[in-house]
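# Secondary and tertiary structure notes
Each chain, written out:
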Amino acid sequence: MALFNKKKEKKMEADMQEANVTLYSSGNDHSKIQSVAEGIFRGNTAKVVPDTDNRFQVQLQDGTFLNFVIVTEAEELQKQTNGMANFFARAPLANEQVKQESIRQILLFDCIIGIVFPVDSNEERTGYIMGRLNDLAGQLRAFTLYPNMHLFAPDGRLLISIDGKSDFEEFYPIASSAMFDRTETEEDRKRKERSIKILREKGIPYIEHMKVSAYETESRIPSKEEIVHRLTAVFAACIKSEVYTCGEYEDCEGKTMEMLGRLNELYQYSGYLSEEEKAYLADVSPDSSAHSKFNWRYEGCAVLLWALSLMELKPPVEYCDVAGIGVVLWENDFGSLMVQAVLRDREEILDMQDLIYRYDWACVEARIRRQEIPALDSEIIYEWHYALNWLTSVDGITDWDRVSART
């Protein structure tokens, strides 16, 4: 395996090289990854050194470190897994079932664990480390990717390689056990049937057996007040992204502060920002990817306004009415908006979530197959799916930054 890459950023001892492997999993309790790793290395580990919630080190008895970085942020996950899926879509694997289901598995990953560590000519030491990492992958039901682009299943068999090899004759994706253990109610099944009828009428691909993701018995719709608070916080980040990218202002920071100051007078949004929104608004020189991310969130504003009966959604190939969103928010304050807003029925919100969830699957499937669906814009659908998953607390997640819009 092409496991070793020479150290580039800082000098290591002459006989040491840098190795890296990446684990991908779905449905794990991310907060327990560190303790699982500690347990696997126990007895041969000097200590575990925590850094942040998503970083830690395992120090071996010889004083060297394995560095772990955990990625769970939805936007970064989507970027990495989409890139990985597109990469393996080019693999010349003759078994089409294994190839397509491998790609689907990649798109189910909701956690990435990057592991970097030094190795030398001591094959026993390297074998020990790799053995423990294989144990970690097994316990986490994680897939292991090596730098030579060979992806291994939790049981150690080669799932797919870029040169078109696999140890599988048939494969079906592994996801969170909770995804399969849940039982659909009659209302869930009726909702799915309503969505499939629309998909069929529009000629949009679908899977008949694909379960709902927002379950009738689990979903909690936020209150009208909670939605207004979330709406104005999202809008605040959108404002900054627009000021910085529209090309109309010389002093972007000053203009942003002016507009956000006015918005805060109207809605006191600053007390309801997510951690990512706080970080973006505090950054005096965000990069272009951050601006793009929050500019797309106008589509989320449109969905939240739809939920409050203050705006209708456009066809899912047309960008939302940004000017119209501005009119609603700038010409009101928290009190007047609360008076005007009428929270849509729970059933209507759940129906919309289920339909967009299936639209998003169709977009992902089309991307895998290098096809297009004229009736859908995948970027718009992703943002709608994200906002609707928050509105219906899919998988019990109510923290805006932790929402996953994955199919």
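Read on for an overview of the structure. (Residues numbered from 1 in each chain as written. Predicted model: local features only at pLDDT ≥ 70, side-chain atom pairs only at ≥ 80, totals over all residues. Heavy atoms only, no water.)

### Here's the deal with the packing of helix α7 (residues 224–245) against helix α10 (residues 288–296)
Using the following cut-off: Note on definitions: angles span 0 to 180 degrees between N-to-C directions of axes, and those axes are lines fitted to C-alpha atoms, for helices only across the stretch in contact. In this description a helix means any DSSP run of H or I spanning at least four residues, a strand means any run of E spanning at least two, and both kinds are numbered starting from the N terminus. Comment on the angle field: the value is read as roughly parallel under 35 degrees, roughly antiparallel over 145, roughly perpendicular from 65 to 115, and oblique elsewhere. Handedness of a crossing follows from how the near helix is turned relative to the far one, being left-handed for an anticlockwise turn of less than a right angle and right-handed for a clockwise one. The contact criterion used throughout is that any non-hydrogen atoms of two residues lie within 4.5 Å. For this classification, the nonpolar set comprises Ala, Val, Leu, Ile, Met, Phe, Trp, Tyr, Cys and Pro, the charged set comprises Asp, Glu, Lys and Arg, and every other residue, Gly included, is treated as polar.
Relative to each other, α7 and α10 sit at 125°, their axes nearing to 8 Å. Considered as vectors, α7 and α10 are oriented oblique to each other. Between α7 and α10 the crossing geometry is left-handed. Across from A237, C238, S241, E242, Y244 and T245 in α7, the residues of α10 making contact are H291, F294 and N295. Tallied by class, the residues present in the contact of α7 with α10 amount to four nonpolar, four polar and one charged.

### Remarks on the environment of I325
Residue position: I325 is located in helix α12 (residues 322–330). C-alpha of I325 to C-alpha of Y298: the two residues are 27 residues apart in sequence and 8.2 Å apart in space.

### Some remarks on the packing of aromatic side chains
Convention followed: Only Phe, Tyr and Trp rings take part, Trp by its six-membered ring, and two of them pair if their centres are within 6.5 Å. Stacked means planes under 30 degrees apart, edge-to-face means over 60, and tilted covers everything else. For the exposure calls, accessible area comes from a 1.4 Å probe over protein chains only, and a residue counts as buried if that area is under 20% of its type's maximum, exposed if over 50%, partly exposed in between.
Inspection of the entire model under this criterion finds 14 aromatic pairs. Consider the rings of F109 and F143, whose centres lie 5.5 Å apart with planes at 55°: the pair is tilted. Of this pair, F109 sits in the loop between α3 (96–108) and β6 (111–119) while F143 sits in strand β7 (residues 143–145), and the two are 34 residues apart along the sequence. Here F109 matches F143 in class, with each residue buried. Look at F168 and F171: their rings are 5.4 Å apart centre to centre, the planes differ by 75°, and that puts the pair in the edge-to-face class. Across the pair, exposure class does not vary: F168 and F171 are buried alike. Grouped by ring-pair contacts, the aromatic residues Y24, F109, F143, F168 and F171 constitute a single cluster.

### Concerning the nonpolar core
For the record, the criterion: In plain words, nonpolar cores are sets of buried Ala, Val, Leu, Ile, Met, Phe, Trp, Tyr and Cys residues tied together by side-chain atoms within 4.5 Å.
F235, L263, I325 and L391 are the most contacted members of the largest nonpolar core, which totals 72 residues. If one sorts the elements of this core by residue count, α7 sits on top with eleven residues. Filtering out sequence-adjacent residues up to four positions away, F235 remains in contact with L263, Y298, C301, I325, G326, L329 and W330.

### Some details on α3
Residues three or four positions apart in an α-helix share a direction because the helix packs 3.6 residues into each turn. Heads up, the rule is: Expected span of a helix: the number of residues minus one, times 1.5 Å. Any pair of N or O atoms that falls within 3.5 Å is considered a polar contact. Within protein, one atom must be able to donate a hydrogen and the other to accept it, and sequence-neighbouring residues count only if both atoms are side-chain atoms.
When the terminal C-alpha atoms of α3 are compared, their 18 Å separation across 13 residues agrees well with the 18 Å that a helix rising 1.5 Å per residue should span. Among the 13 residues that make up α3, eleven are buried, leaving the element largely enclosed by the rest of the structure. Among the residues of α3, those classed as buried are V98, K99, Q100, E101, S102, I103, R104, Q105, I106, L107 and L108. Measuring from the side-chain oxygen of the N-cap residue of α3 to the backbone nitrogen of Q97 gives 3.2 Å; that N-cap residue is N95.

### What to know about the packing of α7 against α12
Between α7 and α12, the shortest axis-to-axis distance is 12 Å and the interhelical angle comes to 125°. Considering their axes alone, α7 and α12 lie oblique with respect to each other. In this structure, the crossing between α7 and α12 has a hand that is left-handed. Counting all contacts with α7, which are made through L231, T232, F235, I239 and E242, the residues of α12 involved are V322, I325, G326, L329 and W330. When grouped by side-chain class, the residues that make up the contact of α7 with α12 number seven nonpolar, two polar and one charged.

### Some thoughts on the environment of R125
Its location among the elements puts R125 in helix α4 (residues 123–140). For R125, a relative accessible area of 11% translates into the label buried. Spatially, the C-alpha atom of R125 lies 40 Å from that of E276, the residues being 151 residues apart in sequence. When sequence neighbours within four positions are dropped, the list of residues in contact with R125 reads L60, D62, T64, P118, V119 and D120. Separated by 2.8 Å, the side chains of R125 and D62 make a polar contact.

### Points about the pattern of salt bridges
Counted only if it meets this: By definition, a salt bridge exists where a carboxyl oxygen of Asp or Glu is found within 4 Å of a side-chain nitrogen of Lys or Arg.
Inspection of every chain in the model, using the stated rule, returns 23 salt bridges. Among the salt bridges present, the one from R132 reaches D135, with a minimum N-O distance of 3.0 Å. Placement of the pair is R132 and D135 together in helix α4, with a separation of three residues, close to one helical turn. According to the relative accessible area criterion, R132 is partly exposed, its value standing at 21%.

### Side note on the side chain of H385
Residue placement: H385 occurs in helix α15 (residues 378–391). H385 sits in the buried class, given a relative accessible area of 1%. A polar contact of 2.6 Å, which involves the side chain of H385, links it to the side chain of D360.

### Looking at the pairing of strand β4 (residues 55–60)
Which entries qualify depends on this criterion: Here a strand pair is declared whenever DSSP counts at least two bridges between the two strands.
As judged from the five bridges shared by β4 and strand β5 (residues 65–71), these two strands associate in the antiparallel manner. Following the sheet pairing, V58 is matched in β5 by L66.

### Details of helix α9 (residues 275–282)
This is how it is decided: Here, the arc refers to the directions that run from the helix axis to the C-beta atoms.
Inspection of α9 places E277, Y280 and L281 among the buried residues, and these make up the whole buried set. Angularly, the buried residues of α9 cover 95° about the axis, an arc narrow enough to put them on a single face. In α9, the exposed positions that point more than 90 degrees away from the buried face belong to E275 and A282.

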